[in-house]
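Secondary and tertiary structure notes
For reference, the chains in residue letters:
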Amino acid sequence: MRYSRGVRLTHWLIVSLGSASVLAVLTGLVQLVLVGLGAETTVDPGWFLIALILACFTLLGRSSQWLTRLLADVDPSAHLARRVVIWLLAATVILLIAFLKITAEDMDAYKRLVFGEGGLVEWSQVLVLVAACRVAWLIGDDLSRQLSHSSPSLLARGFSVLLGLLLLEELAWGQVIFGWQTPESIRSINAQQETTLHNIGWFQDRLDLFTFLATVAVLALVVLSPWIYRQLLRRSSPQQRSLVRALMPAQYSWPLFLMVVALAYCVATESWSDLIHNRDQEWAELVLYASGLLLLLRTRVLLGASEPPSAQR
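Here's a quick rundown of the structure. (Residues numbered from 1 in each chain as written. Predicted model: local features only at pLDDT ≥ 70, side-chain atom pairs only at ≥ 80, totals over all residues. Heavy atoms only, no water.)

Take the overall build of the protein chain next. A count of helices and strands for the protein chain gives 14 helices and two strands. Overall, the protein chain is about 60 × 45 × 35 Å in size when its C-alpha atoms are taken along their principal axes. The buried share of the protein chain, reckoned over its 313 residues, is 38%. Residue pairs in contact within the protein chain that sit at least 24 positions apart in sequence constitute 67% of those at least 6 positions apart. (Helix = DSSP H or I, 4+ residues; strand = E, 2+ residues; numbered from the N terminus. Buried < 20%, exposed > 50% of the residue type's maximum accessible area, 1.4 Å probe, protein only. Contact = heavy atoms within 4.5 Å.)

Before going further, it helps to spend a moment on the nonpolar core. Ranked by size, the top nonpolar core spans 58 residues in total, and within it Tyr-110, Val-114 and Trp-283 carry the most contacts. No other element matches helix H6 (residues 120-146), which puts 11 residues into this core. Beyond its immediate stretch of four places on either side in the chain, Trp-283 contacts Leu-96, Ile-97, Leu-100, Tyr-110, Val-114, Phe-115, Leu-120, Val-121 and Leu-263. (Core = buried A, V, L, I, M, F, W, Y, C linked by side-chain atoms within 4.5 Å.)

Glancing now at the packing of aromatic side chains. Summed over all chains, the structure comprises two aromatic pairs. Measuring from ring centre to ring centre gives 5.4 Å for Trp-87 and Trp-254, while their planes differ by 90°; the resulting arrangement is edge-to-face. Taken together, the positions of Trp-87 in helix H4 (residues 76-103) and Trp-254 in helix H13 (residues 254-269) put the pair 167 residues apart, joining distant regions of the chain. Since its relative accessible area comes to 30%, Trp-254 is described here as partly exposed. Here Phe-212 and Tyr-265 contribute two aromatic rings whose centre-to-centre distance is 5.6 Å and whose plane-to-plane angle is 55°, an arrangement assigned as tilted. Taken as a pair, Phe-212 in helix H10 (residues 201-223) and Tyr-265 in helix H13 lie far apart in primary sequence, 53 residues in all. Classification of Phe-212 by relative accessible area gives buried; the value is 19%. The ring of Trp-137 has Arg-157 lying over it, and the distance from NZ or CZ to the ring centre is 5.3 Å. (Phe/Tyr/Trp six-rings, centres within 6.5 Å; stacked < 30°, edge-to-face > 60°. Lys NZ or Arg CZ within 6 Å of the ring centre and 35° of its normal.)

So, on to a nonpolar patch on the surface. Nonpolar side chains collect at one region of the surface, where Trp-137, Phe-159, Val-161, Leu-162, Leu-165, Leu-168, Trp-173, Ile-177, Phe-178, Trp-180 and Leu-197 lie side by side and expose about 1,100 Å² of accessible area between them. For the nonpolar patch, the elements supplying multiple residues, two or more each, are helix H7 (151-170) and helix H8 (175-178). Mapped onto the elements of the fold, Trp-180 is located in the loop between H8 and helix H9 (184-187). (Patch = residues over 30% accessible without salt bridge, like charges linked within 9 Å, V, L, I, M, F, W, Y side chains within 5 Å. Areas by Shrake-Rupley, 256 points an atom, 1.4 Å probe, with all protein chains shown as cover. Salt bridge = Lys/Arg side-chain N within 4 Å of Asp/Glu carboxyl O.)

Once that is clear, we can look at unusual backbone geometry. Unusually for a residue other than glycine, Trp-173 sits at a positive phi of about 55°. With respect to the element layout, Trp-173 can be found in the loop between H7 and H8.

Turning our attention to the packing of H6 against helix H14 (residues 281-302). Axis separation between H6 and H14 bottoms out at 9 Å; the angle between their running directions is 25°. Overall, the two elements H6 and H14 adopt an arrangement that is roughly parallel. Crossing hand, H6 versus H14: left-handed. Split by residue class, the contact of H6 with H14 holds 17 nonpolar, three polar and five charged. (Axes fitted to C-alpha atoms, helices over the stretch in contact; angles between N-to-C directions. Parallel < 35°, antiparallel > 145°, perpendicular 65-115°, else oblique. Left-handed = near helix turned anticlockwise from the far one by under 90°. Nonpolar A, V, L, I, M, F, W, Y, C, P; charged D, E, K, R; others polar.)

A complete count under the given rule lists nine salt bridges for this structure. Between Asp-73 and Arg-69 there is a salt bridge whose closest N-O contact spans 3.0 Å. Relative accessible area serves as the criterion here: at 3%, Asp-73 is assigned to the buried category. Exposure remark for Arg-69: the relative accessible area of 29% places this residue in the partly exposed category. Its salt-bridge partner being Arg-69, residue Asp-75 comes within 3.2 Å of it at the nearest N-O pair. The exposure class assigned to Asp-75 is partly exposed, which follows from its relative accessible area of 25%.

Right, let's talk about the side chain of Ser-160 for a bit. If you trace the backbone, Ser-160 turns up in helix H7. Residues in contact with Ser-160, not counting those within four places in the same chain, are Cys-133, Ala-136 and Trp-137.

On to the environment of Ser-153. One can find Ser-153 in helix H7. For the pair Ser-153 and Gly-140, spaced 13 residues apart in sequence, the C-alpha separation works out to 4.3 Å. Those residues within four positions of Ser-153 in sequence are excluded, and the remaining contacts are Gly-140, Leu-143 and Ser-144.

Turning to the environment of Asn-199, a few remarks are in order. Tracing the backbone through its elements, the reader meets Asn-199 in the loop between H9 and H10. By relative accessible area, which is 3% here, Asn-199 ends up buried. Taking C-alpha positions, Asn-199 is 24 Å from Ile-97, a pair spaced 102 residues apart along the chain. The residues contacting Asn-199, other than those within four sequence positions of it, are Ile-189, Asn-190, Ala-191, Gln-192, Gln-204 and Leu-207.

Read these as spatial facts, not as claims about activity.
Spelled out as structure tokens, the structure:
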């Protein structure tokens with residue numbers, strides 16, 4: 001079977017990947033021009049690496065049906081392909097982090113390039129969270145149409161609002177975009193001297209530990225999802241089985257969440273401090289957000305209609 005939403009998602013993903021590749025190149029070129037003009041900025045080579053990777057995926061997606069099968073089809077080979085892609089994504093993130101650290105002059109230069117204002121990780125998090133907010137809200141619309149009671153729909157929309165609040169925190173409630181000065185009352189108690197809540201006093205002191213515990217809980221949910229699925233389906237109708245299957249996280253995504261847990265653990269316990277530093281927690285957050293977006297997109301596709309691939313040609 002092939003899901004029609006998966007086919008549409010494939011088209012929009014190819015367009016988005018191509019557009020993002022062009023945008024990444026332009027961002028890197030702007031940084032080069034600014035440096036050439038003597039501006040006090042640095043060139044982030046990660047933008048060009050990201051552009052190359054995105055361009056390769058765009059060309060591959062346009063030249064074959066593999067991306068459509070990956071996102072829309074329900075069969076053993078497509079399921080195996082999804083498992084392989086998850087491992088490839090995990091490996092790509094590791095190689096990207098290693099490349100950026102190796103090419104940076106020193107650790108301070110690495111932090112400025114990757115985590116500074118307008119850096120690769122910061123804006124990637126923003127884009128992923130914007131997409132996740134939209135998809136979660138659309139899932140709420142689907143649940144509202146398919147179910148007679150409103151609780152699941154309200155939960156999905158509430159989750160979308162929660163993601164929106166998280167997005168505002170990442171943007172320092174607009175300070176990252178508009179660049180206002182942090183009020184002195186907040187600056188004095190904020191570790192990053194920004195207009196944020198999670199960097200204030202008590203929260204900042206426990207942020208790394210809470211992040212680690214939260215990522216462990218998410219990983220446990222993903223790993224245990226088949227068992228939870230079986231428990232929920234003991235006395236369920238076919239429609240309920242389909243709905244629960246769509247809402248449950250895919251177990252094959254566990255490598256991405258394990259990577260998040262590993263990074264969060266190293267930051268919280270200061271393990272491997274020569275290799276992994278406190279700001280690398282931003283990578284963990286980016287992978288967590290992106291993994292969550294993938295699961296939301298999967299749910300959105302599975303809540304749609306399906307039919308044999310031949311019927312869509």
